[in-house]
Amino acid sequence: MPYQDTFNPRPGFGYVRTLSQHEELPLLRDHLLRLDPQSRRDRFNGFLDDSFIERYAEKCAGDGTIIVAYMENGMVRGAAELHPPEPSGDSLPEVAFSVEPCVRRRGVGSILFKRVISEARWKGYRTLRVTTGAQNHAMRALAGKFGAHLVFRHGESSGTIEVEQNPQGDVAKLAIDAPLAAARAMMDLHRACWKLLSKMSGTGRAA
């Protein structure tokens, strides 16, 4: 049964972070289940069944897939998936994306793309494979923006992205992580000031 979604997005209130694989599995699963039929076709190349999506999300939680999520009000509204390569020697790590209609045309896809490329670089990956449905024009355009050359084959478009040629990823990760680093720096400064004031007032002397 499709979700009845009454969510009212608030531009500027979303944020991006990486999900923990097991504890936050329901967040990815619920996001994928909220996708409308056309978005499901685009994302899964025709598969629409809820049980398939539930099994897929469970698999992601156990196979080392990295999920970078765009969140609003504690819910995943967009996701970039970085799947590890298969054990075979010629396999490549693969990326996949999904954005709910309520937050589209706000640059969410580009933000997720930049962050997942950064994650790939941190993992040491050099080349990523991207695959999308032949009718997913938005995804094809986004992939092309980041250097992917997609080829239509067997009802889908697929191509590769050279990670080393996309320095935007590290900038995106720095921009996302900067608020946390700034908060820690401010805490350290406050702690140092408190120690200095304690010494000046005599309360910090050892007995």
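The paragraphs below set out a description of the structure included in this document. Just so it is clear, the structure is predicted and the values come from calculations on it, not from any experiment.

### What about the overall build of the protein?
Part 1 of the reasoning: On a plain count of helices and strands, the protein comes out with 6 helices and 7 strands.
Part 2 of the reasoning: Every one of the 207 residues in the protein was classed for burial, and the buried ones make up 39%.
Part 3 of the reasoning: Taking all contacts inside the protein whose residues are at least 6 apart in sequence as the whole, residues at least 24 apart take part in 65%.
Part 4 of the reasoning: Approximately 12,300 Å² of the protein is accessible, and the part contributed by carbon and sulfur atoms is 57%.

### Section: helix 3 (residues 50-62)
Part 1 of the reasoning: Counted at 1.5 Å a residue, the expected span for helix 3 with its 13 residues is 18 Å, and the 19 Å between its end C-alpha atoms agrees.
Part 2 of the reasoning: Taken together, the buried positions of helix 3 are Ile53, Tyr56, Ala57, Cys60 and Ala61. Taken around the axis of helix 3, the buried residues stretch over an arc of 140°, which confines them to a single face. Among the exposed residues of helix 3, those pointing more than 90 degrees away from its buried face are Arg55, Glu58 and Gly62.
Part 3 of the reasoning: At the C-terminal side of helix 3, glycine 64 shows a positive phi close to 90°.

### Details of the packing of aromatic side chains
Describing an aromatic ring pair means giving the distance of the ring centres and the angle of the ring planes.
Part 1 of the reasoning: The full count for this structure, using the stated rule, is 5 aromatic pairs.
Part 2 of the reasoning: Taking 5.5 Å as the distance between ring centres and 90° as the angle between the ring planes, the aromatic pair formed by phenylalanine 44 and phenylalanine 52 counts as edge-to-face.
Part 3 of the reasoning: Judged by centre distance (4.4 Å) and plane angle (0°), the rings of phenylalanine 113 and phenylalanine 146 are stacked. Of the two residues, phenylalanine 113 is situated in helix 4 (residues 108-123) and phenylalanine 146 in the loop between helix 5 (137-145) and strand 6 (151-153); the sequence distance between them amounts to 33 residues. Of the two residues, phenylalanine 113 and phenylalanine 146, both sit in the buried class.
Part 4 of the reasoning: Through successive ring pairs, a cluster of aromatic residues spans Phe44, Phe52 and Tyr56.

### Side note on the packing of helix 2 (residues 37-44) against helix 3
Part 1 of the reasoning: As a packed pair, helix 2 and helix 3 sit with axes 13 Å apart at the nearest point and diverge in direction by 45°. Judged by the angle between their axes, helix 2 and helix 3 are oblique. Of the two elements, helix 2 crosses helix 3, and the hand of that crossing is left-handed. Along its contact with helix 2, which presents Arg40, Arg43 and Phe44, the element helix 3 presents Asp50, Phe52, Ile53 and Tyr56.
Part 2 of the reasoning: Across the contact of helix 2 with helix 3, the residue classes tally to 4 nonpolar, no polar and 3 charged.

Scoring rules and cut-offs
Residues numbered from 1 in each chain as written. Predicted model: local features only at pLDDT ≥ 70, side-chain atom pairs only at ≥ 80, totals over all residues. Heavy atoms only, no water. Helix = DSSP H or I, 4+ residues; strand = E, 2+ residues; numbered from the N terminus. Buried < 20%, exposed > 50% of the residue type's maximum accessible area, 1.4 Å probe, protein only. Contact = heavy atoms within 4.5 Å. Areas by Shrake-Rupley, 256 points an atom, 1.4 Å probe, with all protein chains shown as cover. Expected span 1.5 Å × (residues − 1). Arc of directions from axis to C-beta. Phe/Tyr/Trp six-rings, centres within 6.5 Å; stacked < 30°, edge-to-face > 60°. Axes fitted to C-alpha atoms, helices over the stretch in contact; angles between N-to-C directions. Parallel < 35°, antiparallel > 145°, perpendicular 65-115°, else oblique. Left-handed = near helix turned anticlockwise from the far one by under 90°. Nonpolar A, V, L, I, M, F, W, Y, C, P; charged D, E, K, R; others polar.

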